[in-house]
Amino acid sequence: MTIDGIWSYTPGSGHVEGQDLTGYAVTTADGTLGHVEREADPHGMRHLVVDTGVWVFGRSAVVPVGVVSGVDTEAGQVSLACTGDEVKEAPRFHTDSETADPGYLAAVGDHYRRQAPRGTAPA
C-alpha cells in the first residue's frame with residue numbers, strides 16, 4: 001500500500017465525492033463506535049474525526065478514510081474495516097491542531113496500515 005492509500009476512500013466503499021458525512025453513525029467490526037464529528041484533508045491526509053462519546057472510551061479519534069469499508073447514506077452510517085479496540089489503540093487525539101500535524105497524522109496512518117487489509121473486516 002502506498003503512503004497515500006490510507007488517506008483515500010477505497011473503491012466500492014459507497015463514498016461519493018463532496019458527500020458530507022458529519023453526524024453519520026460510525027460502526028466497527030464489533031459494534032457502534034460513535035459519530036462523525038467532521039472530515040478534514042490537510043496535506044492530502046484525508047480523515048474523519050469520530051466522537052466516540054463517553055460510553056466507549058471517552059475521546060475523539062482520528063481515522064484515515066482508507067479504513068472506511070462502507071457508507072450507507074440511507075441509514076446515515078459509516079462502517080470501518082477495524083475493531084473498536086484497534087481505534088482505541090491508535091495514537092491518542094488530544095487537540096484539534098493535531099488533525100493538521102503531518103507527524104501526528106503519519107503515526108495514525110502507520111497504526112492503521114498495520115491492521116486488517118483495507119476494505120475487509122477482521123475475522
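Residues numbered from 1 in each chain as written. Predicted model: local features only at pLDDT ≥ 70, side-chain atom pairs only at ≥ 80, totals over all residues. Heavy atoms only, no water.

Requested: an account of the nonpolar core, with residues and values cited.
Core analysis: the biggest nonpolar cluster contains 29 residues, and Leu21, Leu48, Val78, Leu80, Val87 and Tyr112 have the highest contact counts within it. The element contributing the most residues to this core is helix H3 (residues 102-113), with four residues. Ignoring any residue separated from it by four or fewer positions in sequence, one finds Val78 in contact with Leu21, Tyr24, Ala25, Val26, Thr27, Val36, Leu48, Val68 and Gly70. (Core = buried A, V, L, I, M, F, W, Y, C linked by side-chain atoms within 4.5 Å. Buried < 20%, exposed > 50% of the residue type's maximum accessible area, 1.4 Å probe, protein only. Helix = DSSP H or I, 4+ residues; strand = E, 2+ residues; numbered from the N terminus. Contact = heavy atoms within 4.5 Å.)

Before we move on, could you go through the pattern of salt bridges and cite the residues and values that matter?
By the definition in use, this model includes five salt bridges. Residue Arg46 is joined to Glu17 by a salt bridge in which the shortest nitrogen-to-oxygen separation is 3.1 Å. Within this pair, whereas Arg46 is found in the loop between strand E2 (31-40) and strand E3 (47-51), its partner Glu17 is found in the segment before strand E1 (25-28), the two being separated by 29 residues in sequence. Residue class for Arg46 comes out buried when judged on its relative accessible area of 16%. Here Arg38 ties to Asp96 by a salt bridge, and the two come within 2.7 Å at their closest N and O atoms. Of this pair, Arg38 sits in strand E2 while Asp96 sits in the loop between helix H2 (84-88) and H3; the two residues are 58 residues apart in sequence, bridging distant segments of the chain. Residue class for Arg38 comes out partly exposed when judged on its relative accessible area of 22%. Taken together, the shared-partner salt bridges connect Glu17, Glu39 and Arg46 into one network. (Salt bridge = Lys/Arg side-chain N within 4 Å of Asp/Glu carboxyl O.)

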